[in-house]
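# Architecture at a glance
Listed here are the chains, written in short residue letters.
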Amino acid sequence: MAALPYFDEIDPSTINVLLVTHGLQSGLSRQLFEMWCSDKKNACVIPGYVVEGTLAKTIINEPKEITLMNGLTAPLNMQVHYISFSAHADFAQTSTFLKELMPPNIILVHGEGNEMGRLKQKLITQFADRNTKIISPKNCQSVEMYFNSEKMAKTIGRLAEKTLEVGETVSGLLRITIAYSGAFGVLKHRLKQIFESVESLPDEESEGPAFRVHERLTVKYESEKHISLHWRPDPISNMVSDSVVALVLNISREIPKVAVESEEASKTEEENNKKAEKVIHALLVSLFGENGKLVISVDGNAS
C-alpha cells in the first residue's frame, strides 16, 4: 500500500491484485473498492471472519448497490466470493462434540451475534428431546447454572433395617476407605502442618493405630495399603474430610519420588564414607608407613 501513493500508478489494463486487511471501512482500500465495485470484471475475495456493520460484511450478501463514503450510492457489479479459513469448529464438528458429551448446559460465547443466534436455534432443535439449557449471553451478562449431584451411601446396623422415604433426614457415622501405602506417622505429621489439633487415640479405643483430626474426624490404619476415615456429617466435618482425602492423594503421588530420593541419598552417604576411609588410610600411611602401628588407649583399653 505504501508503494502506491497515487491511484494513477495503477494500470487498469493489467491484472491487479490488492491485499488489504478485512473490513473495507476506510483508507486506500475503501477508495479503491469504490472505484472498482461497479465493474463486473473485478472481484473481491473475503477470506475468514468479518465484523458485523462493516462494508465487507454488507457485500457478502451481494446487495445491488452500496453506500459510498460521501453518502452517495453506487452499483455493486463486481463478483464477491467468501471463503472460510477459520480455525474454529463448524456446526457439524460442534454438534458432534456436544452429542458425545451431552452436557446439561451449553453456553455460546465468542462469536458474531447473528451467527451465534443461528447456532443456538439449531442446537435447540437438535436437543429438543433433552432438558438441555442453551444460552447465548451478551458481553458482561451473568449466567447461572444449577447442577444436581447424586451421592450414594451404604448403611449398616439399625439404620439399614428400615426403608427410608424420599426427603427423609438421616444421621449416622460416615466411613470411607482410601488406598495409602505410605507411613502412617508421615500422614499424621503432614496433617499437623495443616490442622491445629491432631491427637493420637489409644489402641483400646480405636482397635489399632488411629488419630483424631480437629476433634471431628478419625483416621484409622486398616492395612499396609489402606486407611479409613470416620466422621459424623456436618458442613465443617465434611470440609475436614475433603482436606484429608486431598492430602492423602497428594502424599501417594509423592511416595515414589521420596523413595528414589532416599535411595540416592543412601548411595551418596555410602560413597562419602568410602572416600573418608581412603583419605584417613592415606593420612595414616604417610605418618606411620605401611607397617607402622598406632596405639590408642581409652580408659585403659588399648587398640
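To be clear, the structure that these remarks concern was listed above.
First, a word on what this report is: a plain description of the structure on this page. Since the model is a prediction, treat every value here as computed from it, not as a measurement.

What follows deals with the overall build of the chain. Within the chain one finds seven helices and 13 strands. For the chain, the share of sequence-separated contacts (at least 6 apart) that also reach a separation of at least 24 residues comes to 55%. Summing over all exposed atoms, the chain offers an accessible surface of approximately 23,100 Å²; the carbon and sulfur share of this is 54%.

Here strand β1 (residues 43–47) shows a buried face lined by Cys-44 and Ile-46 and an unburied face lined by Ala-43, Val-45 and Pro-47. Here β1 runs beside strand β4 (residues 79–83); their pairing, made up of five bridges, is parallel. Within β4, the position partnered with Ile-46 by the bridge is Tyr-82.

Moving on to the packing of aromatic side chains. Applying the stated criterion across every chain, the model contains two aromatic pairs. Centroid distance Phe-184 to Phe-211: 5.0 Å. Interplanar angle 40°. Geometry classified as tilted. Taken together, the residues span a long stretch of sequence, with Phe-184 in helix α5 (residues 184–192) and Phe-211 in strand β9 (residues 210–213) at a distance of 27 residues. A residue is classified by how much of its surface remains accessible, and Phe-211, at 1% relative accessible area, is buried. An angle of 70° between the planes, with centres 5.7 Å apart, marks the rings of Phe-184 and Tyr-221 as edge-to-face. Of this pair, Phe-184 sits in helix α5 while Tyr-221 sits in strand β10 (residues 217–223), placing them 37 residues apart in sequence. On the accessibility criterion, Tyr-221 (31% relative accessible area) is partly exposed. Three or more aromatic residues joined by ring pairs form one cluster here, namely Phe-184, Phe-211 and Tyr-221.

Once that is clear, we can look at the packing of helix α3 (residues 91–101) against helix α4 (residues 113–126). The angle between the axes and the distance between the axes are what describe a pair of packed helices. One way to put it is that α3 packs onto α4 with a least axis distance of 12 Å and a crossing angle of 40°. Here α4 runs oblique to α3, going by the angle between their axes. For α3 against α4, the interelement crossing comes out right-handed. Along its contact with α3, which presents Phe-91, Ser-95, Leu-98 and Lys-99, the element α4 presents Leu-119, Lys-122, Leu-123 and Gln-126. Along the lines of polarity and charge, the residues of the contact of α3 with α4 split into four nonpolar, two polar and two charged.

Before going further, it helps to examine the pattern of salt bridges. A pair can form between side chains of opposite charge whenever their charged atoms are brought close. Enumeration over the complete set of coordinates arrives at three salt bridges. Salt-bridge contacts for Arg-30 lead to Glu-34; the nearest nitrogen and oxygen are separated by 3.0 Å. Taken as a pair, Arg-30 and Glu-34 lie in helix α1 (residues 27–36) at a separation of four residues, close to a single helical turn. Grouping residues by exposure puts Arg-30 and Glu-34 together as buried. Between Glu-222 and Arg-175 there is a salt bridge; the shortest N-O distance is 3.6 Å. Remark: Arg-175 occurs in strand β7 (residues 174–179) and Glu-222 occurs in strand β10; sequence separation between them is 47 residues.

A word on the nonpolar core. Leu-187, Leu-191, Val-219 and Val-244 are the most contacted members of the largest nonpolar core, which totals 19 residues. Elements with a contribution of two residues or more to this core: α5, β9, β10, β11 (226–231) and α7 (235–288). It is α7 that contributes the most residues to this core, five residues altogether.

Now for the sheet that holds β10. Pairing is antiparallel in the open sheet, where five strands are placed in the order β7-β11-β10-β9-β8. Among the strands making up the open sheet, the edge pair consists of β7 and β8 (198–200). Strand-to-strand twist of the sheet, defined as the mean angle between neighbouring strand axes without regard to direction, takes the value 25°. Sheet analysis places β10 next to β11, joined by six bridges and oriented antiparallel. Its bridge partner lying in β11, Lys-220 is registered against Ser-228. Strand contacts of α5: β8, β9, β10 and β11, with the helix running at about 15° to β9, the strand carrying the most contacts.

Definitions and cut-offs
- Residues numbered from 1 in each chain as written.
- Predicted model: local features only at pLDDT ≥ 70, side-chain atom pairs only at ≥ 80, totals over all residues.
- Heavy atoms only, no water.
- Helix = DSSP H or I, 4+ residues; strand = E, 2+ residues; numbered from the N terminus.
- Contact = heavy atoms within 4.5 Å.
- Areas by Shrake-Rupley, 256 points an atom, 1.4 Å probe, with all protein chains shown as cover.
- Buried < 20%, exposed > 50% of the residue type's maximum accessible area, 1.4 Å probe, protein only.
- Pairing = 2+ DSSP bridges.
- Phe/Tyr/Trp six-rings, centres within 6.5 Å; stacked < 30°, edge-to-face > 60°.
- Axes fitted to C-alpha atoms, helices over the stretch in contact; angles between N-to-C directions.
- Parallel < 35°, antiparallel > 145°, perpendicular 65-115°, else oblique.
- Left-handed = near helix turned anticlockwise from the far one by under 90°.
- Nonpolar A, V, L, I, M, F, W, Y, C, P; charged D, E, K, R; others polar.
- Salt bridge = Lys/Arg side-chain N within 4 Å of Asp/Glu carboxyl O.
- Core = buried A, V, L, I, M, F, W, Y, C linked by side-chain atoms within 4.5 Å.

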